[in-house]
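# Coordinates in review
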Amino acid sequence: CYDSKRKVIWMYGSQSDGGGGFSTGDMASYDAATDKFTLANSKGPPERAVSSGVGNTFAYDPIHDFLVMPRGHSTWIYKPAANAWEERKTPDGPGIQGQYLSLVYDAEAKRFVYPVNAGTGKTAKERPAETGPSSWKFLDGDKLYHEFVLETWTYAPEANKWAKLAVKAGAPQPSPR
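Let me begin by describing the structure that accompanies this report.

Parameters at a glance
- Residues numbered from 1 in each chain as written.
- Predicted model: local features only at pLDDT ≥ 70, side-chain atom pairs only at ≥ 80, totals over all residues.
- Heavy atoms only, no water.
- Pairing = 2+ DSSP bridges.
- Helix = DSSP H or I, 4+ residues; strand = E, 2+ residues; numbered from the N terminus.
- Buried < 20%, exposed > 50% of the residue type's maximum accessible area, 1.4 Å probe, protein only.
- Salt bridge = Lys/Arg side-chain N within 4 Å of Asp/Glu carboxyl O.
- Phe/Tyr/Trp six-rings, centres within 6.5 Å; stacked < 30°, edge-to-face > 60°.
- Core = buried A, V, L, I, M, F, W, Y, C linked by side-chain atoms within 4.5 Å.
- Contact = heavy atoms within 4.5 Å.
- Axes fitted to C-alpha atoms, helices over the stretch in contact; angles between N-to-C directions.

### Some details on the sheet that holds strand β2 (residues 8–12)
One key point about sheets: their strands pair by backbone hydrogen bonds, in either a parallel or an antiparallel sense. Read across the sheet, 4 strands follow the order β1-β2-β3-β4 without closing on themselves; strand pairing throughout is antiparallel. This sheet does not close on itself; its edge strands, each paired only once, are β1 (2–3) and β4 (36–39). The pairing of β1 with β2 spans 2 bridges and is antiparallel. Bridge pairing in β2 places D3 opposite V8.

### Some details on the environment of V167
With respect to the element layout, V167 can be found in the segment after β13 (161–164). Given a relative accessible area of 47%, V167 falls into the partly exposed group. With 17 residues separating them in the primary sequence, V167 and L150 have C-alpha atoms 10.0 Å apart.

### Comments concerning the pattern of salt bridges
This model, assessed by the stated rule, comprises 8 salt bridges. A salt bridge links E147 to K122, with the shortest nitrogen-to-oxygen separation between them at 3.9 Å. Of this pair, E147 sits in strand β12 (residues 144–156) while K122 sits in strand β10 (residues 111–124); the two residues are 25 residues apart in sequence, bridging distant segments of the chain. Within the structure, one salt-bridge network assembled from shared partners comprises D3, K5, R6 and D65.

### Things to note about the packing of aromatic side chains
Overall, the coordinates contain 10 aromatic pairs when judged by the stated rule. Ring centres 4.7 Å apart and planes at 45° place the aromatic pair Y30 and F37 in the tilted group. On the basis of relative accessibility, which here comes to 48%, the residue F37 falls in the partly exposed class. With centroids separated by 6.3 Å and ring planes inclined at 40°, the aromatic side chains of F112 and Y155 adopt a geometry described as tilted.

### Re the pairing of strand β3 (residues 27–31)
Burial within β3 is extensive, with 4 of its 5 residues counted as buried. As paired elements, β2 and β3 share 4 bridges and run antiparallel to each other. Across the sheet, residue M11 finds its bridge partner in β3, namely A28.

### Here's the deal with the nonpolar core
Among the nonpolar cores identified, the biggest contains 14 residues, and V68, L103, F112, Y114, W153 and Y155 are the most heavily contacted of them. Elements supplying a minimum of two residues to this core: β6 (66–71), β10 and β12. Here this core gets 4 residues from one element, more than from any other, and that element is β10. Listed in part, the 12 residues of the second largest apolar core include V8, W10, Y12 and M27.

### Description of the side chain of S29
For S29, the location among the structural elements is in strand β3. In this structure, S29 is in contact with V8, I9, W10, M11, K36, F37 and T38, ignoring residues within four places of it in sequence.

### Some points on the sheet that holds β6
Spatially, 4 strands are ordered β5-β6-β7-β8 in an open sheet, and the strand pairing comes out antiparallel. This sheet does not close on itself; its edge strands, each paired only once, are β5 (59–61) and β8 (84–89). Across the sheet, the mean angle from the axis of one strand to that of its neighbour is 30°, orientation sign disregarded.

Remember that the coordinates give geometry; whether it matters functionally is a separate question.
As structure tokens, then:
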């Protein structure tokens, strides 16, 4: 994510099923002006993500000068000025984490917005017809199709609170994909 104060792009050095990333599982910054990567060697980083079950989605908050990474019922804060991580317990937060999600900071509302692909708990042996704002995905481990819907969460860093936004009945929704 882009850090507007330092004018660098932050990357969390983990890896996915496709490999890549920094083997140390740490933050690194990229400065486009100098075309240089710098490993942070930060204090107290979260556990490396080595599968699609743990995500590395994060965004920068220019007001508080830190990055936020949702990790299930913990929210991790990286403070570049201190080069250190802080784990905040957020049991009210989305239990969802995964690869390839998006997180953005809304400076006007002073909160993060986190749309996620959430399982409903419904399963089927055959793929149901797509109707409405849900999607079905085959999970090989249990040989069933699972239903997913889009949920949008917000995080207020000062209050350390997550909230799930309610979609108005009948309002159009994008697919969870």
